[in-house]
Amino acid sequence: MAAKYKMAREQLANSLQELVDEELKKFKSKLTYVKLKKRINNIPKGKIIDADSEDLAEILVQHYGSDYAVKVVLKVLKKIDQRSLAEILHHEIKERRKYSKQEDDETDEDDDEDETDEESTDEESSDDDDDDDDD
């Protein structure tokens with residue numbers, strides 16, 4: 001879970017760094033009143049007004065969680081006419097998740113192999129124990 005949090009924070013920070021000062025100011029302004037899912041509150045303006053892109057990414061992920069923070073940023077980028085940046089972020093997140101999923105699958109396969117190795121070692125041990133009974 002921490003890896004997902006870190007990945008989202010880094011990707012958001014990278015995207016927000018692409019905004020010039022005036023665009024970042026516009027982003028923050030829209031962020032404070034963009035329409036969100038029910039029961040989810042916008043980040044208070046006072047909390048983000050002085051935040052740079054790194055701090056803002058951290059605040060976003062802390063406030064909304066990794067997945068929803070990405071959705072909010074994509075939505076706000078589109079609202080401030082930064083569609084190309086939103087598309088780039090969407091593509092990068094998708095690719096990283098795909099890559100991360102592949103790593104998880106490979107790790108699961110390695111774990112399965114380890115379990116198989118342990119089972120065969122256990123079987124060999126019990127075979128050895130059977131030999132002792134024959135004496």
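Residues numbered from 1 in each chain as written. Predicted model: local features only at pLDDT ≥ 70, side-chain atom pairs only at ≥ 80, totals over all residues. Heavy atoms only, no water.

Q: Explain the overall build of the chain to me, and be specific about the residues and the numbers.
A: Secondary structure summary: the chain contains six helices and zero strands in total. Its helices and strands in sequence order give the chain the pattern α-α-α-α-α-α, from N to C terminus. Taken over 135 residues, the chain has a buried fraction of 30%. Of all intrachain contacts in the chain linking residues separated by at least 6 positions in sequence, the fraction that spans at least 24 positions is 62%. (Helix = DSSP H or I, 4+ residues; strand = E, 2+ residues; numbered from the N terminus. Buried < 20%, exposed > 50% of the residue type's maximum accessible area, 1.4 Å probe, protein only. Contact = heavy atoms within 4.5 Å.)

Q: Let's hear about helix H2 (residues 21-31): which residues, and what values?
A: By the burial criterion, the buried members of H2 are Leu24, Phe27, Lys28 and Leu31. Down the axis of H2, the sector holding all buried residues measures 95°, keeping them to one side. Counted as exposed and oriented over 90 degrees from the buried face of H2: Glu22 and Lys25. Looking at the buried side of H2, the elements it contacts are helix H1 (2-17), helix H3 (45-48), helix H4 (53-64) and helix H5 (66-79). (Arc of directions from axis to C-beta.)

Q: Describe the pattern of salt bridges, listing the residues and the values that go with them.
A: Taken as a whole and judged by the stated rule, the model has one salt bridge. Residue Glu58 pairs with Arg9 through a salt bridge whose shortest N-O separation is 3.4 Å. Taken as a pair, Glu58 in helix H4 and Arg9 in helix H1 lie far apart in primary sequence, 49 residues in all. You can call Glu58 partly exposed: its relative accessible area is 23%. The exposure class of Arg9 is partly exposed, given its relative accessible area of 24%. (Salt bridge = Lys/Arg side-chain N within 4 Å of Asp/Glu carboxyl O.)

Q: Run through the confidence of the model for the chain, naming residues and quoting values.
A: In this model, the chain carries a mean pLDDT of 82, and residues with pLDDT of at least 70 account for 73%. Per-element averaging of pLDDT across the chain places helix H6 (residues 83-134) at the bottom with 65 and H4 at the top with 96. (pLDDT = per-residue confidence, 0-100.)

Q: Quick one: what's the story with the packing of aromatic side chains, residue by residue and with numbers?
A: Applying the stated rule across the entire model yields one aromatic pair. Between the aromatic rings of Tyr64 and Tyr68, the centroid separation amounts to 5.8 Å while the plane-to-plane angle is 70°, which identifies the pairing as edge-to-face. (Phe/Tyr/Trp six-rings, centres within 6.5 Å; stacked < 30°, edge-to-face > 60°.)

Q: Help me get a handle on the nonpolar core, residues and values and all.
A: Among the nonpolar cores identified, the biggest contains 32 residues, and Phe27, Leu31, Leu56, Leu60, Tyr64 and Leu77 are the most heavily contacted of them. Of all the secondary structure elements, the ones that give two or more residues to this core are H1, H2, H4, H5 and H6. Among the elements that line this core, the one with the most residues is H5, at eight residues. In this structure Leu77 touches Leu19, Phe27, Gln82, Arg83, Leu85, Ala86 and Leu89, once residues within four positions along its chain are discounted. (Core = buried A, V, L, I, M, F, W, Y, C linked by side-chain atoms within 4.5 Å.)

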